[in-house]
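Each chain, letter by letter, is given below.
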Amino acid sequence: MEDQQKLQQILAQLEVYKSQSELYQTQIDAVQTSLAEIKILESTLDDISGKDTVETLVPLGAGSFINAEIKNENKVIMSLGSGVAVSKTFEEAKETAAQQKQELENTLDKLFADLQQITNIVAQLSPQAEQLMQKLQAQGMM
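Computed from a predicted model, the values in this text were never measured in an experiment.

Some words on the nonpolar core
Among the nonpolar cores identified, the biggest contains nine residues, and these are I28, V31, L35, I38, A97, L104, L108, L111 and L115. Elements with a contribution of two residues or more to this core: α1 (2–48) and α2 (90–138). Among the elements that line this core, the one with the most residues is α2, at five residues.

As structure tokens, then:
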């Protein structure tokens, strides 16, 4: 009976770690999406920096766009979150984007490290669970 309880305990732990792993993967996906947006921002700022005017497509909604010309006033409106936005110069916007990118990369590194720890724990527990199952099956208890 002791082996059966131990097996149930390990299986419960594995289920918890599986849930944590899925949560970490969701967070990793969200951070990677944000990181991709920052990289697009950096690329766009580089492309339009120093130009007097830039032609672009402006979304109207429902998959419709209109051609427009952006007159470069050397200002970028950047969201701070919670509906708050500030006006920044191109250089300030680039610095902000670089800082955000670094923060996201650090967060991503930590998430990957935490996910690896969970993976390592699962790799240790899984063989234990398999051995206990085999043992209990051999004893006819499963």
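Topic: the UniProt feature "coiled-coil region" (unreviewed entry) in the protein
In this structure's numbering, the residues bearing the UniProt feature "coiled-coil region" (unreviewed entry) are residues 87–121. Overall, residues 87–121 shows 91% helix and 9% strand. The separation of its end C-alpha atoms is 47 Å.

Points about α1
Its 47 residues give α1 an end-to-end C-alpha distance of 69 Å, which sits within 8% of 69 Å, the value for a rise of 1.5 Å per residue. Along α1, the residues that are buried comprise D3, L7, I10, L14, I28, V31, L35, I38, E42, L45 and I48. Lining the buried residues of α1 we find β1 (53–61), β3 (75–81) and α2. Two residues or fewer after α1 comes G50, characterised by a positive phi angle close to 85 degrees.

Remarks on unusual backbone geometry
In this model, A62 sits at a positive phi of 55 degrees, which is unusual for a non-glycine residue. Mapped onto the elements, A62 comes out in the loop between β1 and β2 (64–71). Positioned with a positive phi, S82 is a non-glycine residue whose angle comes to about 55 degrees. Here S82 lies in the loop between β3 and β4 (84–89). Residue class for S82 comes out exposed when judged on its relative accessible area of 80%.

Reading the values: the criteria
Residues numbered from 1 in each chain as written. Predicted model: local features only at pLDDT ≥ 70, side-chain atom pairs only at ≥ 80, totals over all residues. Heavy atoms only, no water. Core = buried A, V, L, I, M, F, W, Y, C linked by side-chain atoms within 4.5 Å. Buried < 20%, exposed > 50% of the residue type's maximum accessible area, 1.4 Å probe, protein only. Helix = DSSP H or I, 4+ residues; strand = E, 2+ residues; numbered from the N terminus. UniProt positions renumbered as here; feature names shortened; annotations may be inferred. Expected span 1.5 Å × (residues − 1). Contact = heavy atoms within 4.5 Å.

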